[in-house]
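If you want the building blocks of each chain, they are given just below.
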Amino acid sequence: MVDLTWQDRAIRLWDTAGLRRKANVKDKLETMSNQDSLRAIRFAEVVLLLQAEVESVLFAPIKRATSVQGGDISEAFKIELEDGQAFFLKFHKGDINASKSVFIQEAKGLNTLRAVNTSLVIPEVISHNNSYLLLEYLEEEKQGNDFQFGVDIAKLHKSSNE
């Protein structure tokens, strides 16, 4: 644990131990270490669990990671780079391998939706694996009109039945 001050703000950094699936943990020391890591993650305001991997995918350091509200199962963050680009990062806290194919299936579904010729804005999948899903970040805004939305939804349904 390291306490520091940055721009007049107190920050406490914790470097937690790596986590393995519960079934693979055999001794009491590792069990207690996992419990301490999970406790720190649960109470953290920001978790940079995947920072190195995301930065290697984006070929740039992360300037800011801001928590995004809305999901119950996963943690979600808006990732901003120095050049102004923004991305959406979603990952599981705790046992990140609990649902191995969730992000892979979600990426597949988003790519399928993007392949249908509609005016709907579907985020581009930048990268994904069992642990995370990284998408282009879309600002919230009303798109088109209700009639066009209905037409586009009908196209998606027709496409899924073909």
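These notes cover the structure that comes with them. Only a predicted model underlies this, so the values are computations on that prediction, with no experimental measurement involved. (Residues numbered from 1 in each chain as written. Predicted model: local features only at pLDDT ≥ 70, side-chain atom pairs only at ≥ 80, totals over all residues. Heavy atoms only, no water.)

**Let's talk about the overall build of the protein**
So the rule is basically this: Starting at the N terminus, helices and strands are each numbered in turn, a helix being any DSSP run of H or I of at least four residues and a strand any DSSP run of E of at least two. Contacts are residue-level and defined by heavy atoms, with any inter-residue pair within 4.5 Å sufficient. Reported accessibility uses the Shrake-Rupley method at a 1.4 Å probe radius. Residues are deemed covered only where the shown protein chains occlude them.
Along the protein, the regular secondary structure elements total 4 helices and 7 strands. When the elements of the protein are put in sequence order from the N terminus, they spell out β-β-α-α-β-β-β-α-β-β-α. If you take every contact in the protein between residues at least 6 apart in sequence, the share linking residues at least 24 apart comes to 44%. Just so you have it, the protein exposes about 11,600 Å², and 51% of that area is on carbon and sulfur atoms.

**Things to note about the nonpolar core**
Inside soluble globular proteins, nonpolar side chains tend to come together where they are buried. Heads up, the condition is: To form a nonpolar core, buried Ala, Val, Leu, Ile, Met, Phe, Trp, Tyr and Cys residues must be joined to one another through side-chain atoms within 4.5 Å. Throughout this description, buried means an accessible area under 20% of the type-specific maximum (1.4 Å probe, protein chains only), exposed means over 50%, and partly exposed covers the range between.
Counting 12 residues, the largest nonpolar core consists of V54, L58, I62, A65, F77, I79, L81, F87, L89, F91, Y132 and L134. Excluding anything up to four places from it in sequence, I62 contacts Q51, V54, E55, I79, E80 and L81. Core analysis: the next-biggest nonpolar cluster, separate from the first, contains 9 residues, A107, L110, I122 and L135 among them.

**Remarks on the pattern of salt bridges**
This is how the line gets drawn: By definition, a salt bridge exists where a carboxyl oxygen of Asp or Glu is found within 4 Å of a side-chain nitrogen of Lys or Arg.
The full count for this structure, using the stated rule, is 4 salt bridges. Across the salt bridge formed by E139 and K78, the nearest N and O atoms sit 3.4 Å from each other. In this pair, E139 sits in the loop between β7 (132–136) and α4 (146–160) while K78 sits in strand β4 (residues 75–81), placing the two residues 61 residues apart along the sequence. Classification of K78 by relative accessible area gives buried; the value is 18%.

**What about the pairing of strand β1 (residues 2–6)?**
What counts here: Two strands form a pair only when DSSP identifies at least two bridges running between them.
For β1 and strand β2 (residues 9–13), the ladder comprises 5 bridges, and the chain directions are antiparallel. Of the residues in β2, the one forming a bridge with D3 is R12. Remark: 2 residues form the turn of the hairpin made by β1 and β2, two consecutive strands paired antiparallel; Q7 in that turn has positive phi of roughly 50 degrees.

**Brief notes about the pairing of β4**
Taking burial as the measure, the 7 residues of β4 include 6 buried ones, the bulk of the element. The sheet contact formed by strand β3 (residues 62–67) and β4 spans 5 bridges and is antiparallel. By the bridge assignment for β4, A65 is matched with I79. Taken together, the 6 bridges between β4 and strand β5 (residues 86–91) define a ladder with antiparallel strand orientation. Looking across to β5, one finds that A76 is bridged to K90. Where β4 hands over to β5, the hairpin turn is made up of 4 residues, of which G84 adopts a positive phi near 95 degrees.

**A closer look at the sheet that holds strand β6 (residues 125–128)**
Quick reminder of the rule: For helices, the fitted axis covers only the stretch in contact; all axes are lines through C-alpha atoms, and the angles between them, taken along N-to-C directions, range from 0 to 180 degrees.
Across the sheet, which stays open at both edges, the 5 strands sit in the order β3-β4-β5-β7-β6 with antiparallel pairing between neighbours. On the outer flanks of this sheet lie β3 and β6, each paired with one strand and no other. Across the sheet, the axes of successive neighbouring strands diverge by a mean angle of 20 degrees, strand direction being ignored. Sitting on the sheet, helix α2 (residues 51–58) is in contact with β3, β4, β5, β6 and β7, with an inclination near 40 degrees to β7. Each of β5, β6 and β7 touches helix α3 (residues 102–115); the most contacted strand, β7, lies at about 25 degrees to it.

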